[in-house]
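Chain and residue survey
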Amino acid sequence: TQLEKVVEKYAYMIKELAQWYVPVDQGAAKASIYVVTSRNSDKDKAYAEASQKALTEESRWNHKSRDLEFAPDIEEEGRVRALHAMICVGVVYGMWLELGEYTIHAENPGATHPYLTPAVMHYEESFLKACAGVFEQVKR
């Protein structure tokens, strides 16, 4: 349906903007951001790219000396319904980038580098307008 296309289009737009916002030195985090819809998932591609990035990057997460750890698959990924989309971050530390590190070993406790929230907020108004446009077409 047209509404499904709008949801999917905006999910990928949010993903791309989130990849732009994520801290530059986190190449694996950037590559691990992916979209899941009822019709599509680019998780495998994202994980492959993130793993490749992790082999070459020098970051405070020290990927070169160990395998990159990805977040466990969440059960909901397999049950995404029509008109829903999930924008996921595969690396375990993705949540700490967004929300801040609150551990004893954090170099800068509480420091945040939001990338998903600003990306969603950037497209909120235009997404709602696009959905309203579809509803207007249906009314006619």
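Right, let's walk through the structure included here. In this text, all values refer to a predicted model and were calculated from it rather than measured experimentally. Within every chain, residues take consecutive numbers counted from 1 along the sequence as written. Local features in this predicted model are restricted to residues whose pLDDT is 70 or higher, and side-chain atom pairs enter the listing and the counts only when it is 80 or higher, whereas totals over whole chains, interfaces and linings include all residues. Computation of side-chain values: all heavy atoms of the structure, hydrogens and water removed.

A few words on the pairing of strand β1 (residues 33-37). Burial status follows relative accessibility: with a 1.4 Å probe on protein chains alone, a residue under 20% of its type maximum counts as buried, one over 50% as exposed, and anything between as partly exposed. Starting at the N terminus, helices and strands are each numbered in turn, a helix being any DSSP run of H or I of at least four residues and a strand any DSSP run of E of at least two. Counting buried positions along β1 yields 5 of 5 residues, so the element is predominantly enclosed. Both faces of β1 are covered, namely the face carrying Ile33, Val35 and Thr37 and the face carrying Tyr34 and Val36.

Moving on, we get to the side chain of glutamate 98. Within the secondary structure layout, glutamate 98 lies in helix α4 (residues 94-99). The definition of a polar contact used here is a pair of N or O atoms within 3.5 Å, where within protein one atom must be able to donate a hydrogen and the other to accept one, and adjacent residues in sequence count solely through side-chain atom pairs. There is a polar contact of 2.8 Å between the side chain of glutamate 98 and the backbone nitrogen of leucine 116. Once residues lying within four places of it in the same chain are set aside, the contact partners of glutamate 98 are Thr112, His113, Pro114, Tyr115, Leu116, Thr117 and Pro118. Any pair of residues with heavy atoms lying within 4.5 Å of one another is described as a contacting pair.

Ring pairs shown here join Phe, Tyr and Trp side chains whose ring centres sit within 6.5 Å, with only the six-membered ring taken for Trp; geometry is labelled stacked below 30 degrees between planes, edge-to-face above 60, and tilted in between. As enumerated under the stated definition, the model contains 4 aromatic pairs in all. Look at tyrosine 10 and phenylalanine 127: their rings are 5.5 Å apart centre to centre, the planes differ by 70°, and that puts the pair in the edge-to-face class. With tyrosine 10 in helix α1 (residues 2-21) and phenylalanine 127 in helix α5 (residues 116-139), this pair connects stretches of sequence that are 117 residues apart. A residue is classified by how much of its surface remains accessible, and tyrosine 10, at 9% relative accessible area, is buried. Its relative accessible area of 25% is what places phenylalanine 127 among the partly exposed residues. Measuring from ring centre to ring centre gives 5.7 Å for tyrosine 34 and tyrosine 47, while their planes differ by 90°; the resulting arrangement is edge-to-face. Residue tyrosine 34 is found in strand β1, and its partner tyrosine 47 is found in helix α3 (residues 43-56); the two are separated by 13 residues along the sequence. Tyrosine 47 matches tyrosine 34 in its accessibility class, with the two residues each being buried. Counting every residue linked through ring pairs, the aromatic cluster contains Tyr10, Tyr123 and Phe127.

Turning next to the packing of α1 against α5. To define axes, lines are fitted to C-alpha atoms, for helices over the stretch in contact only, and angles between the resulting N-to-C directions are given on a 0 to 180 degree scale. Relative to each other, α1 and α5 sit at 165°, their axes nearing to 9 Å. When the axes of α1 and α5 are compared, the pair comes out roughly antiparallel. Crossing of α1 against α5: the hand is right-handed. Any residue outside Ala, Val, Leu, Ile, Met, Phe, Trp, Tyr, Cys, Pro, Asp, Glu, Lys and Arg is labelled polar, Gly included; the first ten of those are nonpolar and the last four are charged. Among the residues making up the contact of α1 with α5, the classes are represented as 19 nonpolar, 4 polar and no charged. An angle counts as roughly parallel when it lies under 35 degrees, as roughly antiparallel when it exceeds 145, as roughly perpendicular when it falls between 65 and 115, and as oblique in every other case. For a crossing to be left-handed, the near helix must be turned anticlockwise from the far one by less than a right angle; the clockwise case is right-handed.

Quick look at the environment of glutamate 124 now. With respect to the helices and strands, the residue glutamate 124 is situated in helix α5. Accessibility expressed as a relative area gives 40% for glutamate 124, which makes it partly exposed. Sequence separation between glutamate 124 and isoleucine 14 is 110 residues, and the spatial gap between their C-alpha atoms is 9.6 Å.

Helices are assigned an expected span. That span is 1.5 Å times one less than the residue count. Counted at 1.5 Å a residue, the expected span for α5 with its 24 residues is 34 Å, and the 33 Å between its end C-alpha atoms agrees. Along α5, the helix axis deviates most sharply at glutamate 124, where the bend reaches about 45°. Buried residues along α5 sit in contact with α1, β2 (85-89) and α4. The angle between axes fitted to the seven residues ending at a residue and the seven residues starting there is what we call the bend at that residue.

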